[in-house]
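Read off the chains here:
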Amino acid sequence: MMDESNEIILQKSKRLTSVVWNYFERVRKADVCYAVCIQCNKKLSGSSNSGTTHLRNHLMRCLKRTNHDMSQLLTPKRRKKENPVTVATIGFDESQQPKDGYIRPTKFDQEQRRGDEIVMSRGSGGGGRFSQERSQVDLARMIILHGYPLSMVDHVGFKVFARNLQPLFEPVAITTIEETCMEIYIREKQRVQHTLSNLYGKINLSVEMWSSRDNASYVCLASHYIDEEWRLQRNVLNFITLDPSHTEDMLSEVIIRCLMEWSLESKLFAVTFDSFSVSDEIVLRIKDHMSQSSQVLINGQLFELRSAAHLLNAIVQDCLEAMRDVIQKIRGSLRYVKGSQSTQARFSEIAQLAGINSEKVLVLDSPASWNSTYEMLETVLEYKGAFCHLRDHDQGFDSSLTDEEWEWTRSVAGYLKLVFEIAADFSGNKCPTANVYFAEMCDIHIQLIEWCKSQDSFLSSLAAKMKSKFDEYWNKCSLVLAIAAILDPRFKMKLVEYYYSKIYGSTALDRIKEVSNGVKELLDAYSICSAIGDDSSFSGGGSGLGRGGMDARDRLKGFDKFLHETSQNQNTTSDLDKYLSEPIFPRSGEFNILNYWKVHTPRYPVLSMMARDILGTPMSILGADSAFDSGRPVVDESKSSLNPDIRQALFCAHDWLSTEAEEVQPLSRQYAQAL
């Protein structure tokens, strides 16, 4: 072996212009020059008389072994023959192509720059040939994921960018990209259908109305469930454009068509509506349709629900409407104070003289977001002394509040504070299982009872109006809320007993017994279906709750049900009795209720089936980004002008694909803006 300590690495001279010298170090020992391969350290002759053909031949063998891109090493004639459309700036691992047909970009192992040339090594698969079709699919996925307008393919800036990035990419027409988006939608829909058809438990449906600037109406239908790994899941199923002649009665037809399209009639557990104006007739039609293919649990007491977040928004709108004139005065006061620098300076001096040391800044609210109105009221109350002084000493200030209006503002701000805190808790919960809502809604209930006792006729009438809406919600949802709380091992029956004693007083025991009977009746329904292995009425995907493999023509199914019913009086301990008799789980530290039931499924096999369906019920269907919006979500103009089928495809596919990209914003941020 040569003595490497005597080798001298030579600086590359300007004459070394061949591409091969990017892969060799030129070294000298004594009077002999060598070329050392960077890849394998092999030494070859490096003298100027030897040329570079032997170096190029070595590299072709060396780089081929390591799956590197060799296109830059080929002579122009050979490159044209062997790799006519090689692209050095885009790398895909084609050997790792997924089953869905979409190519995901791979990470480059190495990048070597040479002036304006870029040579990128690749992982296994090599080749790197450009594909117009693949690029078109990637473009469509990008548009879907990020909510870009389809018209971007015609934008001059995009065309210039694409041409400079890849000259071989041919511009795509809007109609072509629409077709590609539809293909992606159809493929992803099949995947979602497969997931839902093989789901172990029941599925819940949420119904949310949308609108547009041109007053068109839409309905968004989404499934909610807990999967086999005990993870809370949500999938948008349909985004339907309602006919202009649409009446409320047609909503039941839309929902039934959705259930039939997705084969969910036998899987549906409950439906959560965003509106309190949904008539009983609509719900009755859906129940009648369901009863043809599955049983409705405990006479449908759990079937029809309302969104908690929409209730909170409705209560807030009652407050703001009642305080409309007062709020207009407050806005006028802020505009006056901020009207000039001299007025601002004088107001600051008055605030200091009044001993106001608040760090809050007076800012006008945004009527579209009620949380900003609440924050404005809170801030104005801290500066009450300064505004009162301004009222008494500035004749130009004509937006001042009376003493009575200041008291109304203080009381209403107190109402809004509680609602704001609860709404913030709901929107900040990344896993909003049904058990998290009971305590919060009970706090609202208790406060409404107290507010109704106000001696001020204005405040008591406002509280009565708010409580009327709450009572309608409570009548439909209290049983599900209570059962979900019982299924939380940190509370069980104790939380129901605690809150019901505060809410109902002397009649609390009767109300608690109603909840207890409801839980037992529901568990009995699950026990019966588990015992007879009734796939068609209680589960899907070919895996029943119990003996799913039993022959559907088993003539002794009736006997199984009879055996279960006549065994109730025997001294057997049900899952519920066992669960309630055990100590309450500690409330300290982080707790994941889905993990709890996943671990305890073997111990409570039937109760865990019930827990899966109850905890997966959507008790609120407003996204975190729209929790404080004052109106319905609105489809933006670029989407509202599209063909209904394309709009649905973009809306649904965005939801289905977004799980693959953590950085994608929530769907409502992409497609909606508050009224």
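What comes next is a walk through the structure. (Residues numbered from 1 in each chain as written. Predicted model: local features only at pLDDT ≥ 70, side-chain atom pairs only at ≥ 80, totals over all residues. Heavy atoms only, no water.)

On to the overall build of the protein chain. Across its full length, the protein chain carries 25 helices and 13 strands. In the protein chain, which comprises 675 residues, the proportion classed as buried is 49%. Of the contacts made within the protein chain by residues no fewer than 6 positions apart, 68% connect residues no fewer than 24 positions apart. Working note: accessible area of the protein chain is about 33900 Å², and carbon and sulfur atoms make up 49% of it. (Helix = DSSP H or I, 4+ residues; strand = E, 2+ residues; numbered from the N terminus. Buried < 20%, exposed > 50% of the residue type's maximum accessible area, 1.4 Å probe, protein only. Contact = heavy atoms within 4.5 Å. Areas by Shrake-Rupley, 256 points an atom, 1.4 Å probe, with all protein chains shown as cover.)

Taken as a whole and judged by the stated rule, the model has 33 aromatic pairs. Seen in terms of ring centroids, Tyr596 and Trp597 are 5.4 Å apart; in terms of plane orientation they differ by 85°. Their pairing is edge-to-face. What makes Tyr596 buried here is its relative accessible area of 8%. Among the residues examined, Trp597 registers a relative accessible area of 0% and is labelled buried. Taken together, Phe438, Phe470, Tyr473, Trp474, Tyr498, Tyr499, Tyr500 and Tyr504 form an aromatic cluster joined through their ring pairs. (Phe/Tyr/Trp six-rings, centres within 6.5 Å; stacked < 30°, edge-to-face > 60°.)

Mapping Lys42 onto the fold places it in the loop between β3 (32-37) and β4 (43-45). Placed 20 residues apart in sequence, Lys42 and Cys62 show a C-alpha to C-alpha distance of 10.0 Å. Excluding its chain neighbours within four sequence positions, the residues that come into contact with Lys42 are Ala35, Val36, Cys37 and His58.

With that settled, the discussion passes to the side chain of Arg647. Mapped onto the fold, Arg647 is located in helix α24 (residues 644-657). Among buried charged residues, Arg647 stands out as having no salt bridge; its nearest opposite-charge side chain is Asp214, 7.7 Å away. When residues no more than four places from it in sequence are discounted, the contact partners of Arg647 are Tyr218, Phe239, Thr241, Val635, Lys639, Ser640, Ser641 and Leu642. (Lys, Arg positive; Asp, Glu negative; His and termini not counted. Salt bridge = Lys/Arg side-chain N within 4 Å of Asp/Glu carboxyl O.)

Turning to the pairing of strand β2 (residues 24-29), a few remarks are in order. With six bridges joining them, β2 and β3 adopt antiparallel strand pairing. Opposite Arg26, over in β3, you have Ala35 as the bridge partner. If you look at the hairpin formed by β2 and β3, you'll find two residues sitting between the two strands, and Ala30 has a positive phi there, around 60°. (Pairing = 2+ DSSP bridges.)

Once that is clear, we can look at the nonpolar core. Within the largest apolar cluster, 110 residues are counted, with the highest numbers of intra-cluster contacts made by Phe387, Phe438, Met441, Trp474 and Trp597. In terms of residues, this core owes the most to one element, helix α15 (residues 457-486), which gives 17 residues. Split by domain, the residues of this core number at least three in each of domain 2 (181-305 + 633-664) and domain 3 (309-510). Dropping the residues within four chain positions of it, Met441 is found in contact with Ala308, Leu311, Leu312, Phe426, Phe470, Tyr473, Trp474 and Leu481. (Core = buried A, V, L, I, M, F, W, Y, C linked by side-chain atoms within 4.5 Å. Domains from an automatic or database assignment.)

It is worth spelling out the side chain of Gln166 at this point. By the element assignment, Gln166 lies in the loop between α4 (156-165) and α5 (174-197). A polar side-chain atom of Gln166 sits 2.8 Å from the main-chain amide nitrogen of Leu168. (Polar contact = N/O pair within 3.5 Å; in protein donor to acceptor, adjacent residues only side chain to side chain.)

In this section: the pattern of salt bridges. Enumeration according to the criterion identifies 23 salt bridges in this entry. Of the charged contacts in the structure, one is a salt bridge between Glu405 and Lys329, with a shortest N-O distance of 3.2 Å. One end of the pair, Glu405, is in helix α13 (residues 403-428); the other, Lys329, is in helix α9 (residues 324-337), and 76 residues separate them in sequence. Lys329 gets classed as partly exposed once you look at its relative accessible area, which sits at 30%. Across the pair Lys360 and Glu382 runs a salt bridge whose closest N-O atoms are separated by 3.2 Å. One end of the pair, Lys360, is in the loop between α10 (341-353) and α11 (370-382); the other, Glu382, is in helix α11, with 22 residues separating them in the sequence. Residue classification places Lys360 among the partly exposed residues on the basis of a relative accessible area of 36%.

A word on the environment of Arg191. As for its placement among the helices and strands, Arg191 is situated in helix α5. Given the relative accessible area of 39%, Arg191 is considered partly exposed. Here the alpha-carbon distance between Arg191 and Trp656, two residues 465 residues apart in the chain, equals 9.4 Å.

To characterise two packed helices, one gives the angle between the axes of the helices and the distance between these axes. Relative to each other, α5 and α24 sit at 55°, their axes nearing to 9 Å. Judged on the interaxial angle alone, α24 and α5 are oblique. Helix-helix and strand crossings are classified by hand; for α5 and α24 the assignment is left-handed. Contact residues: α5 offers Glu178, Cys181, Met182, Ile184, Tyr185, Glu188, Lys189, Arg191 and Val192, while α24 offers Asp645, Ile646, Gln648, Ala649, Leu650, Cys652, Ala653, Trp656 and Leu657. (Axes fitted to C-alpha atoms, helices over the stretch in contact; angles between N-to-C directions. Parallel < 35°, antiparallel > 145°, perpendicular 65-115°, else oblique. Left-handed = near helix turned anticlockwise from the far one by under 90°.)

All right, on to α5 then. With 24 residues, α5 ought to run about 34 Å at 1.5 Å a step, and its terminal C-alpha atoms sit 34 Å apart, in line with that. Its buried side turned inward, α5 meets α3 (132-146), β7 (203-212), β8 (217-226), β9 (232-241), α6 (250-261) and α24. (Expected span 1.5 Å × (residues − 1).)

Moving on to the pairing of strand β10 (residues 268-273). Within a regular beta strand, the side chains point alternately toward one face of the sheet and then the other, so they alternate between its two faces. With six of six residues buried, β10 is to be regarded as a mostly interior element. Of the pairings in the sheet, the one linking β7 to β10 comprises four bridges and is parallel in character. Opposite Ser206, over in β10, you have Thr272 as the bridge partner.

As a further point, take helix α12 (residues 384-393). Among all positions of α12, only Ala386, Phe387, Cys388 and Leu390 are buried. The elements touched by buried residues of α12 are α9, α10, α11 and α13.

Let us now look at the state of the cysteines. One pass over the full model with this rule turns up zero disulfides. Just so you know, Cys37 is unpaired, no disulfide at all, and the nearest cysteine sulfur is the one on Cys40, 3.7 Å from it. A relative accessible area of 0% means that Cys37 is categorised as buried. (Disulfide = S-S within 2.5 Å.)

Glancing now at unusual backbone geometry. The backbone of Trp230 sits at a positive phi, close to 60°, despite the residue not being glycine. With respect to the helices and strands, Trp230 occurs in the loop between β8 and β9. On the basis of relative accessibility, which here comes to 5%, the residue Trp230 falls in the buried class. A positive phi angle, close to 55°, is found at Ser263, a residue other than glycine.

Bringing the environment of Phe438 into the picture now. Along the chain, Phe438 turns up in helix α14 (residues 438-451). The class for Phe438 is buried, based on a relative accessible area of 0%. For the pair Phe438 and Ala482, spaced 44 residues apart in the sequence, the C-alpha separation amounts to 6.2 Å.

Geometry only, nothing functional implied.
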